[in-house]
Amino acid sequence: MSNEAAPEGGALAELRHVAVLFADLQGFTHLCERLDPEEVVEILDALYDRLGAEAERYGGYIDKVLGDGLMVLFGAPQAHEDDGLRAVMAGLAMQKAMDELQPWIREKLGQSLGIRIGIDAGPVVYGKVGPGSRVQPTVIGDAANVAARLQRIAAPGQVVISDRGRRLAARQIQFRKIGLVQLQGRNAEVVAYAAVAPFASAGGAAQSTPLVGRSDELKRLMTVYTMAVSGKTGLVLLTGEAGIGKTRLLSEFLGILQAMDAKQRPVVVHVRNRWDVGNVYRPYDSMVGAIGARARQVLEGANGDAPPAGLKARALLFGGTKTAASMLRDICERLPAVIIVDDWQWATNEDGERIVQVIREAAGLPVLFVISGRRADLVPQASIAEAGIRDITVHRLRLAPLGRNDSWLLLQQHPAFSALPLDVAESLLDRAGGNPAHVLECIDSLIDQGLLAPSGDGWRAVQDRGALLVPEMLRNDILSHLDSLGPSERDFLRLCAVISLQFSVAMLAKVMAIAEAEVRSHLGALVEAGLLVAMDASTETYAFRSGLVREVTYDTMLKRHRRQLHLRVGEILEASGEADSADLVVHFVRAGVAEKAVPYGLAAGETLLQQGDHDRALALLSELEPLLSEGDTEHSVVLLERLGEALVCSGNCAAGLDRLLRALSLVRDPASRGRLMAQVGWAYAIQGRAEMAVKHYQRAQEALSGAGELQQQMLVAASMRWLYDRP
Ligand SMILES: Nc1ncnc2c1ncn2[C@@H]1O[C@H](COP(=O)(O)OP(=O)(O)OP(=O)(O)O)[C@@H](O)[C@H]1O
Ligand SMILES: [Mg+2]
């Protein structure tokens, strides 16, 4: 099924985050020696069929069959919100399938046979590779190599995974640390883990923290429920991106229903993904099964042993929509019912059609259906309209990101909150963009990265806070979002990511050389998809939902492609004459065009320094440093001098001095030497090394007087006086 989704011809290679799974039969070469090749093929076929089916059930794409092994991709060609998790679940399911096949294998071979599985996850280039007519879509990247090598160290029956792969599934699956292992052909050691099993409570929203916000949504659910009880059958389509709080909202709603008086309390059917190895969640089937079970309970509870219900329940196993509806009718004769189907993104298209049928059959009954999932088009629109659900009220409830205040409240509930520096907390909330799971994920990732550490009873912040990496799980959420876009929308968004965090319609039209109307239609679609937000209607300004969305979108492009786009954007902005040099520098630096980046950069750096914005000046000038060529003395001196100044001003005197001394070593004329010597003196003075400062000031005076630079000389004299006057 998923194998049909291979990339179309000519599709551009792109950077993707995938999980790669390698499975290999243990001792197979040995077997080949003593078996007839025909028998070998027969056994392999049977095993592949079964193992491949397990992988595909979890959305894996069988990339290659390698003799006695398989390479399976999760995240290409189609990304799912939880590819790392799917890979691990598939690995465990493949091992379970092997266990079940053992009697058959022993009968065939007179011995048992195990598989080793290795998984890694990370960025890869996904595209078409191969000679001429044999071009194949595949992945190239470290993750594939690491997965293949982890598979080799796995014991038969084991699923071994890298640390970065494990993080993707750590919330749902329990792992055992194997330790540091040396992989063949690699210098660095990696930390490896073995997957054990899913946690018993996986897949549900952890309810350890109090609910923030969402009171309007809860009220709305209660209103719709009250209407349903009075016979206005309701359907709520609850949508929102991963981690936005759908499951959490539903569990609050259930809490309210369950707290009702026994006489009023409705019959609740609630199904969701429970991460059971080998049992892929099928929302529709689960719902029908659960309705059957509840109906039996209700009927048997009411009049003892009731054979008709039992019979119907059995009929339900065959999935008849009529039967499901008639069971509902049985329930509703006694009590109202609430049917909640969560994680609908695991459903198939046919499931969509079938559930609409059940709902239609239930029209007029006191039932409330709640279907919840990530995709905006939960159930096919057409079939809702066609099914003529006239007597049913359809409510669309889309969960928006939490507001800034609610996000703060959520963050404050985290035990490590008090150790979080305020600016880091602010930037964390910027990045999380109001998604509760992302807020929690970001702070956990600071702990993972060792930037927040337990100390005594509380927490403390450690070392460098600049390094807020994009947590992997979050990256996957966003990538799956991107994958749900059409190719033209995706390309449009990438161009936006190259341009900036924020942009106007007019500017996009200019840069992309398309009509404003077309720009508006793309922007509308991307706002609808929750990736961009409208900022200001009067200037028609739009922005990325969060910095993270931009980062992740940007990272999906190959470096070469990025460079080309930055060059294009830079040139267009330059020609427009409206852009300020700081914007231009970014584009020319990223395009790697030193001739343009350096002059603009130096000018912008100068302005920033004059404005006292040392941090930004430092960031900008540091980006220029690697672009300078050895021979370009003139620019090098200016850059080293400005960089030196910026470093000293932002408290890094030693590095600043180093740059200033290097600049000094490049100049010969007395005026420049005098000026730089004075700068060096100043840096020593700031560092508190008065003697060195005075020495350099004096040398500066000599050089400047030789060059006849009277004004400069006076400035140096003033600096020296300042040094002496200090307490
Ligand atoms: N309003 C909220 N108040 C407090 N915590 C919340 C809130 N919304 C979500 N959370 C927490 O954020 C995490 C993610 O929420 P939840 O599992 O409900 O997301 P979801 O929308 O169901 O995601 P998925 O599509 O992956 O199922 C959970 O730990 C949940 O408890
Ligand atoms: Mg959920």
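Residues numbered from 1 in each chain as written. Chains lettered and ligands numbered in written order. Predicted model: local features only at pLDDT ≥ 70, side-chain atom pairs only at ≥ 80, totals over all residues. Heavy atoms only, no water.

Attention now goes to the overall build of the protein chain. Helix and strand content of the protein chain: 29 helices and 18 strands. Expressed as a percentage of the 727 residues in the protein chain, the buried residues total 51%. For the protein chain, contacts bridging at least 24 residues in sequence account for 68% of all contacts bridging at least 6. (Helix = DSSP H or I, 4+ residues; strand = E, 2+ residues; numbered from the N terminus. Buried < 20%, exposed > 50% of the residue type's maximum accessible area, 1.4 Å probe, protein only. Contact = heavy atoms within 4.5 Å.)

The subject of this paragraph is the nonpolar core. Formed by 84 residues in total, the largest nonpolar core has its most connected members in L328 and I355. The element best represented in this core is helix α3 (residues 83-109), accounting for 13 residues. Taken domain by domain, the makeup of this core includes at least three residues from each of domain 1 (2-198) and domain 2 (215-398). Look past the residues within four positions of I355 in its chain and what remains in contact with it is Y284, M287, V341, W344, I371 and V379. In this structure, F492, M512, A591 and L624 belong to the second largest nonpolar core, which totals 77 residues. (Core = buried A, V, L, I, M, F, W, Y, C linked by side-chain atoms within 4.5 Å. Domains from an automatic or database assignment.)

Moving on: the sheet that holds strand β11 (residues 337-341). If you walk across this open sheet you meet the five strands as β10-β11-β12-β9-β13, and the pairing is parallel. A single partner strand is all that each edge strand has here, and the edge strands are β10 (267-271) and β13 (393-398). For this sheet the average axis-to-axis angle between neighbouring strands, irrespective of direction, equals 10°. (Pairing = 2+ DSSP bridges. Axes fitted to C-alpha atoms, helices over the stretch in contact; angles between N-to-C directions.)

With respect to the helices, strands and loops of the structure, M260 is situated in the loop between α7 (246-258) and β10. If we skip the residues at most four places from it in the chain, M260 touches M222, Y225, R265 and P266.

Per the counting criterion, the structure on display carries 30 salt bridges. For the salt bridge of R166 with D163, the shortest nitrogen-to-oxygen distance reads 2.9 Å. Remark: D163 and R166 occur in helix α5 (residues 163-169); sequence separation between them is three residues, near one turn of the helix. The class for R166 is buried, based on a relative accessible area of 18%. On the accessibility criterion, D163 (19% relative accessible area) is buried. One salt bridge in this structure joins D285 and R354, with 3.6 Å as the shortest N-O distance. Of the two residues, D285 sits in helix α8 (residues 283-303) while R354 sits in helix α11 (residues 349-361), which places them 69 residues apart along the sequence. Given the relative accessible area of 29%, R354 is considered partly exposed. When salt bridges that share partners are traced, they join E14, R16, R490, D491 and R494 into one network. (Salt bridge = Lys/Arg side-chain N within 4 Å of Asp/Glu carboxyl O.)

Turning our eyes to something else, we now look at the sheet that holds strand β16 (residues 502-504). Hydrogen bonds between backbone atoms are what pair the strands of a sheet, whose relative direction is either parallel or antiparallel. The antiparallel open sheet is built from three strands, whose spatial order is β16-β18-β17. This sheet does not close on itself; its edge strands, each paired only once, are β16 and β17 (532-536). Within the sheet, the average angular offset between the axes of one strand and its neighbour, ignoring direction, is 30°. Here β17 runs beside strand β18 (residues 541-544); their pairing, made up of four bridges, is antiparallel. Bridge pairing in β18 links D536 to T541. Where helix α18 (residues 505-512) meets the sheet, its contacts fall on β16 and β18, and the angle it forms with β16 comes to roughly 85°.

Let us look at the confidence of the model for the protein chain. Predicted confidence across the protein chain gives a mean pLDDT of 83, with 90% of residues reaching 70 or more. When the elements of the protein chain are averaged for pLDDT, helix α9 (residues 307-316) gives the smallest value, 46, and strand β6 (residues 159-162) the largest, 96. (pLDDT = per-residue confidence, 0-100.)

This next bit is on the packing of helix α23 (residues 594-610) against helix α24 (residues 614-624). α24 packs onto α23 with a crossing angle of 165° between their chain directions and a minimal axis gap of 9 Å. Compared by their axis directions, α23 and α24 come out roughly antiparallel. The hand of the α23/α24 crossing is left-handed. Where α23 abuts α24, its residues A597, V598, G601, L602, A604, G605, L608 and L609 lie against H614, R616, A617, L620, L621 and L624. In the contact of α23 with α24, the residues fall into ten nonpolar, three polar and one charged. (Parallel < 35°, antiparallel > 145°, perpendicular 65-115°, else oblique. Left-handed = near helix turned anticlockwise from the far one by under 90°. Nonpolar A, V, L, I, M, F, W, Y, C, P; charged D, E, K, R; others polar.)

In this section: helix α13 (residues 404-412). Here α13 has its buried residues at S407, W408, L410 and L411. In a view along the axis of α13, the buried residues occupy a sector of 160°, so they form one face of it. (Arc of directions from axis to C-beta.)

The subject of this paragraph is unusual backbone geometry. Look at the link from A76 to P77: it is a cis peptide, with omega at -5°. Assignment of secondary structure puts P77 in the loop between β3 (69-74) and α3. One non-glycine residue, R214, lies in the positive phi region at around 65°. Considering the arrangement of structural elements, one finds R214 in the loop between β8 (189-198) and α6 (215-229). Residue R214 is classed as buried on the basis of its relative accessible area of 10%. Here D343, not a glycine, exhibits a phi torsion of approximately 55°, which is positive.

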